Each structure stands twice: as C-alpha cells, then as structure tokens.
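Observations on chain architecture
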Amino acid sequence: MQQPANGCTQHNGATEDDHIPSSSAQQNGTDIAPHSTTVNGEISPKRLDRTDYEIVRLIGQHLKTIGLNHTAEVLIQESGCRLDHPAAAKFRQHVMDGDWNKADNDLNELKSLLEGSSSSLSQMKFLLLEQKYLEYLEDGRVLDALHVLRNELTPLQHNTARVHELSSYMMCSEREELLARAGWEGKGDNSRTSLMDKLQEFLPPTIMLPPKRLYTLLNQAIDLQKHRCPYHNSSDDLGLKNVSLLVDHHCSREQFPCETLQVLNDHCDEVWYCRFSPDGRKLATGSKDTTVIIWDVDPDTLTCHHRKTLEGHSYGVAYLAWSPDGSHLIACGPEDCPELWIWNIETEELRVKVSQSPEDSLTSCSWHRDGNKFVTGGIRGQFYQCDIEGNVVDSWEGVRVNCLWCRSDGKTVLAADTHHRVRSYNFDELTDQNILHEDHPVMTFCVNKADRLALLNVATQGVHLWDLQDKVLVRKFQGVTQGHFTIHSCFGGVNQDFVASGSEDNKVYVWHMKRELPIATLCGHSRTVNCVAWNPVYHSMLASVSDDYTVRIWGPAQQYRTSPSLFKPGFSGDGSPSPSSNGTSWPDMVS
C-alpha cells in the first residue's frame with residue numbers, strides 16, 4: 001500500500017490509501033489514488049496506477065523547475081500526488097530560506113526515513129553546518145561562525161580534515177578571497193540549491209525526487225538510442241537541447257564514410273600501408289615502388305593533395321609510424337628488410353637510417369608516447385629499443401616479431417610473435433608475460449586510444465577483438481577474407497566505436513564495435529586491400545590502400561558534404577553542428 005511517506009496527500013485526516021481496498025494494495029497495476037470527481041466545485045483526486053503516479057510526480061517536478069508553479073499545483077490537486085513527503089518538502093523550504101535551526105529539526109523528523117545508517121544523518125548535518133558556517137563568514141559574523149565550528153561541526157567528529165580546512169577560512173580578509181579559497185558560490189539560491197542536491201542523495205526517491213529526474217531519464221533514453229545507432233559517428237554531446245524528443249535518434253548510412261571521394265594514383269606499384277598523422281592533417285602512404293608519399297588533408301572537402309614524395313627505400317615500404325607530435329615518420333620495409341628510415345616531416349629530410357646488421361629484420365615499429373624512443377623488430381629475432389637518433393638503447397634477444405605496439409604507460413611494449421601470441425615486454429624491468437594466445441598466426445594488431453582493446457588480423461580467421469585487461473576474446477568480426485597476406489585493420493570514429501579492415505576479396509569492411517556483422521562493405525578496389533586508416537580528428541574520413549596501386553579516400557554521400565562544419569569534430573549525427581567536439585571518452589564498448 002502506498003503510504004503518506006511516499007508522497008500521497010491527506011484529506012480530512014485520512015490518507016488516499018484509506019480509500020483503496022486493502023486487497024488491491026501493492027500489486028502490479030494497482031491504483032493508488034481515487035478517480036477524479038468534482039464535489040461542491042472541488043476536484044477530488046483521480047485513481048492512478050503506480051507507473052502513472054510516478055510519471056505525474058516527474059511532470060510536476062519538471063513544471064516547478066521551469067517555473068510553472070500554478071500548473072504544477074493544479075496537477076497535484078487533480079492527481080492527488082505530492083511531489084515530496086511533507087517533512088521533506090518542509091526541510092527543502094527551510095534549507096532554501098537559510099533557516100538552519102528549523103532545517104536541523106527537520107532532519108530529526110526525517111531520520112527514520114533515511115535509507116542509510118546513522119552516518120547518513122551525520123553527513124547531512126555536516127553539509128548543513130558547513131553552509132551555515134560559510135554564510136556566517138561571508139556576512140562578517142565571525143563569532144557566530146566560530147561557534148558553529150567549535151560547538152556544532154567539531155562535535156560531529158565527521159571529516160576532520162575538512163573541519164581543519166574550514167577553520168583556515170577564518171583568516172580570509174575579504175569576501176572574494178573566501179569564495180575563491182572555498183570554491184563556493186556564496187550565500188544565495190545557487191549555493192543552497194547545490195546543497196539541497198547533495199542532501200537529496202541521502203533521501204529515498206519515494207520521499208524526495210532526485211533533482212531534474214525527468215531530464216536524467218530523457219538523457220538516458222537519448223544515450224541508449226545513440227549507442228544502438230549503427231552509424232552514429234558524431235560528438236558525444238547529444239543533450240536534450242540538441243535533439244528532438246518527438247522522434248527517435250537515427251543516423252543515415254549516407255552520413256557515414258561509405259562513398260569514394262577521391263582515388264589517388266601517384267604510386268606506380270602495390271600500396272602496402274597508410275596512416276594519418278595524429279593531427280589528422282596529413283596522410284602517409286607506403287608502397288612497393290620504394291616511396292613514401294605525404295599527402296595534405298583538406299578538412300573542408302576531406303580530400304588529399306600531394307605534398308612530398310620520400311624516395312630511396314630499396315626494399316619498399318610496408319609499415320609506417322608517426323611520432324606522437326607528428327614531426328617524424330618511421331618507414332619500415334617488408335619481410336627481411338634490415339633497415340628502417342626516420343624522416344623529419346617538418347624539414348622533409350631523412351634524419352637517420354637505422355641498420356645494425358644486414359642479417360637483421362626490422363619490419364615493424366612503434367613510438368613511445370614521449371616521442372623520444374621507439375621499438376623495432378622483425379621475424380629473424382631482432383627486438384630493439386632505440387632513441388630518436390637510431391641508437392640501440394636496449395634489446396631483447398630471441399623474440400621473432402610480427403607486429404609491435406607501445407602502450408600508454410610509456411614503458412610496456414606489446415609484441416605479436418611467431419608462436420601466435422601477443423606478449424607484454426617491459427624493457428626497464430626486463431619482465432615479460434603472456435597477454436593473449438591465438439590458434440593461428442597473428443599477422444598484425446593495433447590497440448585503441450583507451451589502451452584497453454586490441455584488434456588482431458589473424459591468418460585464415462579474420463579480425464578478432466580482445467580485451468587486454470581481462471585477457472579475453474570479445475568478438476570475432478565476420479565477412480572479411482583473410483588468408484596469409486599481411487592486412488592491417490584499425491579503430492575509428494569519434495569514440496573509436498568502429499572497426500575497419502582491408503580484405504583479400506578487394507573490399508573494405510566496417511563494423512560497429514558491438515556487432516559481428518559488417519555495417520558497411522566498401523567496393524571500388526580491384527585487388528587485395530592491404531590497409532585501412534581512419535582519420536583520428538576528421539572522423540568522416542577513411543583511407544584504404546591496395547595492390548591495385550591506388551589509394552582511396554572515403555567520406556559521406558554528396559548531400560552530407562555541403563557544409564565545411566560537417567567534417568569537423570563537432571559535427572552531430574542529425575546533420576546539425578554540435579556545440580562541443582569533446583567526445584573522447586571510452587564507453588563500455590565490449591558489453
């Protein structure tokens with residue numbers, strides 16, 4: 001049965017529940033308020049089931065929040081629902097009025113309704129007294145503030161460190177210094193509202209609704225729709241002000257990078273690798289024709305323009321790695337190549353060629369996050385850590401490396417070896433351990449920005465997603481054709497919600513992180529697609545390279561390429577500019 005404590009009104013000393021047959025109470029669908037009727041011109045409450053009752057409370061709270069107080073009162077009268085328990089409503093009013101003695105007495109009335117233990121009461125009293133103390137200080141009532149500190153706050157024996165901090169505010173000579181040191185807005189509705197929001201966390205929602213509860217629920221609904229949208233590739237800031245509540249959120253496939261914007265034909269042999277610079281403004285491509293081409297990216301049109309051809313790689317270029325600041329580029333060769341080249345992109349000159357022995361194999365590399373060191377290795381058992389001048393600082397003997405990746409901690413290196421494993425190596429501590437093991441050769445792999453997920457291209461198996469922390473296989477993506485050729489996949493999108501890979505069937509496959517089947521299959525290449533790269537800044541841009549000698553740039557359909565703002569990080573999925581481009585947090589993609 002719904003008790004008065006849950007927000008029901010009283011009439012002539014009796015609660016609404018007195019009008020409800022006891023046999024119907026506390027059941028699913030049970031009405032908890034009488035039918036609405038008019039007696040002598042007065043409205044009597046309408047009978048509502050539990051769901052409608054809670055919806056009415058949410059609407060009533062929202063109406064009051066936006067200042068429609070009279071409308072809210074009519075709703076409460078007709079429905080017979082109180083927004084808050086009477087004792088809680090009285091408590092709120094006394095807090096907002098700054099009547100601290102009455103608010104303290106109200107707390108004693110609410111004690112039996114608190115969900116937590118007696119510690120909850122102590123925390124609530126502490127928050128009240130803290131506000132009281134700060135307001136006294138702001139008003140210049142130093143003796144009253146000292147009384148609160150000594151005789152009310154200290155005896156609570158709660159959060160002693162904070163009490164000591166509060167006592168230091170006594171030394172503030174002016175109001176501005178107090179507000180700055182306390183990180184406090186000052187006496188008034190704003191700080192008291194913030195206080196009330198903190199206090200409400202200790203009260204059950206049946207006693208007092210959490211602040212802006214309807215907003216919270218609607219934002220959760222929008223987030224859920226966004227995460228279920230297979231093509232959502234925009235800023236995280238899809239708040240209530242940026243969407244319509246009248247329709248479900250939906251991104252069109254045409255807004256996704258599925259259409260060829262440009263075909264680059266400057267290479268004269270198979271193109272083996274591509275990667276965008278960290279700032280998204282350059283693209284590097286490496287080819288069997290012994291060249292690296294640097295392309296400038298136009299963020300307004302998502303097209304590339306030839307900047308510089310770096311020549312002289314006699315073995316061809318099969319792997320590229322940008323330094324974290326984008327100033328340098330390492331180029332490695334295929335199979336048994338014994339050397340790597342470090343190019344200074346700012347001067348467009350070769351900085352150093354690294355070659356320890358003609359018997360070496362240096363076919364993969366990765367930069368440490370500081371950009372001062374990198375690791376390199378290959379299938380003949382060389383595994384070096386070098387400084388930016390190419391000097392070998394450390395080495396690890398006997399590790400036959402297919403692919404390398406430096407983790408974000410600045411000291412750990414992941415290496416895929418010829419035993420179908422990815423192992424972790426720490427050069428500082430000379431420790432290593434198994435991270436994951438496949439049943440077939442790991443041809444290549446990469447790790448997402450959160451340093452949590454690894455994407456593996458596994459011979460004859462395709463693309464696998466692993467959780468590095470839990471050391472479990474999360475997902476096997478379907479559709480791609482992967483034999484024993486070296487194919488590179490990538491993470492992409494605003495929050496790296498997507499995965500893209502080349503394939504031996506001449507196509508590019510794109511998956512949503514949470515789906516095993518591809519959401520897009522991109523056709524256009526005429527031979528094996530060796531590598532796919534997603535622009536890390538302009539998230540509507542994708543590049544792929546192939547044995548057909550071409551580089552393809554992919555972007556949205558024509559009708560979504562009319563505004564320059566479309567291609568910038570703040571573009572929102574419904575076709576309108578988003579107010580924020582800050583969407584880099586990693587959601588729970590593996591659930």
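These remarks concern the structure in this document. This is a predicted model, so every value here is computed, not measured. Residue numbers restart at each chain and count upward from 1, following the sequence in its written direction. Two thresholds apply to this predicted model, a pLDDT of at least 70 for residue-level local features and 80 or more for giving and counting side-chain atom pairs, whereas whole-chain, interface and lining totals are computed over all residues. Side-chain calculation: all heavy atoms of the structure are included, whereas hydrogens and water are not.

The side chains of a regular strand alternate, first on one face of the sheet and then on the other. Accessible area is worked out with a 1.4 Å probe on protein chains only. A residue is then buried under 20% of its type maximum, exposed over 50%, and partly exposed in between. The secondary structure listing takes helices from DSSP runs of H or I that are at least 4 residues long and strands from runs of E that are at least 2 residues long, numbered from the N terminus. Counting buried positions along strand β31 (residues 542-546) gives five out of five residues, so the element sits mostly inside the fold. The side-chain alternation of β31 yields two buried faces, one formed by L542, S544 and S546 and the other by A543 and V545. Looking at chain direction, strand β30 (residues 529-534) and β31 are connected through five bridges and run antiparallel. Across the sheet, residue A533 finds its bridge partner in β31, namely A543. For two strands to pair, DSSP has to find at least two bridges joining them. As paired strands, β31 and strand β32 (residues 551-555) are joined by four bridges and run antiparallel to one another. Looking at β32, one finds that S544 is bridged to R552. Hairpin connection between β31 and β32: a loop of four residues separates the two successive antiparallel strands, and Y549 in this loop has a positive phi of roughly 75 degrees.

On to the layout of surface pockets, then. Taken as a whole, the largest pocket encloses approximately 1100 Å³ of empty space. A pocket here means an open set of points on a 1 Å grid, computed over the protein atoms alone, that has protein on both sides within 12 Å along at least five of seven lines. A cavity is instead a set of points where a 1.4 Å probe fits but cannot get out; residues with an atom within 4 Å of a point line either one. R275, W405, V447, K449 and Q496 are the residues nearest the centre of the largest pocket, which is lined by 43 residues in total. Put simply, the parts of the chain that give the lining of the largest pocket at least two residues each are β6 (271-276), β10 (319-322), β14 (364-367), β18 (401-406), β22 (442-447), β26 (489-492) and β30. Grid points are joined across faces, edges and corners, and a volume is the space filled by probe spheres set on the points.

Attention shifts here to the sheet that holds strand β5 (residues 259-264). Strand order in this open sheet of four strands is β5-β32-β31-β30, and the pairing throughout is antiparallel. Of all strands in the sheet, those bounded by a partner on one side alone are β5 and β30. Averaged over all pairs of adjacent strands, the angle between their axes in this sheet comes to 20 degrees, without regard to strand direction. Here an angle of 0 to 180 degrees is reported between the N-to-C directions of two axes, which are lines fitted to C-alpha atoms, with helices fitted over the stretch in contact.

The next point concerns the nonpolar core. Counting 47 residues, the largest nonpolar core has L283 and V292 as its most contacted members. At five residues, the largest contribution of residues to this core is made by strand β8 (residues 292-298). What L283 contacts, discounting residues up to four positions off in sequence, is C274, R275, F276, I293, I294, W295, V297, C304, W322, A543, V551 and I553. Here, nonpolar core means buried Ala, Val, Leu, Ile, Met, Phe, Trp, Tyr and Cys residues that are tied together by side-chain atoms lying within 4.5 Å of each other. In this structure, C403, L436, L456 and V458 belong to the second largest nonpolar core, which totals 27 residues. Throughout, a contact is declared for two residues whenever any of their heavy atoms are within 4.5 Å.

Let's shift gears to the packing of aromatic side chains. Two aromatic rings from Phe, Tyr or Trp, using only the six-membered ring of Trp, form a pair when their centres are within 6.5 Å; if the ring planes differ by under 30 degrees the pair is stacked, by over 60 it is edge-to-face, and anything between is tilted. Counted according to the given criterion, the structure contains 13 aromatic pairs. Relative to W343, the ring of W341 has its centre 6.0 Å away and its plane inclined at 20 degrees; by these criteria the two rings are stacked. Relative to Y425, the ring of W396 lies with its centre 5.0 Å away and its plane at 75 degrees, an arrangement referred to as edge-to-face. You can see W396 sitting in the loop between β17 (392-395) and β18 and its partner Y425 sitting in strand β20 (residues 421-426), a full 29 residues away along the chain. You'll find W396 and Y425 in the same group, each marked buried. An aromatic cluster is defined as three or more aromatic residues linked by ring pairs; in this entry it consists of Y231, F256, F498 and W534.

Quick look at the sheet that holds β26 now. Reading across the sheet, the four strands line up as β26-β27-β28-β29 and stay open at both edges, with antiparallel pairing between neighbours. Both outer strands of the open sheet, β26 and β29 (520-522), are each paired with one neighbouring strand and no more. For this sheet the average axis-to-axis angle between neighbouring strands, irrespective of direction, equals 20 degrees.

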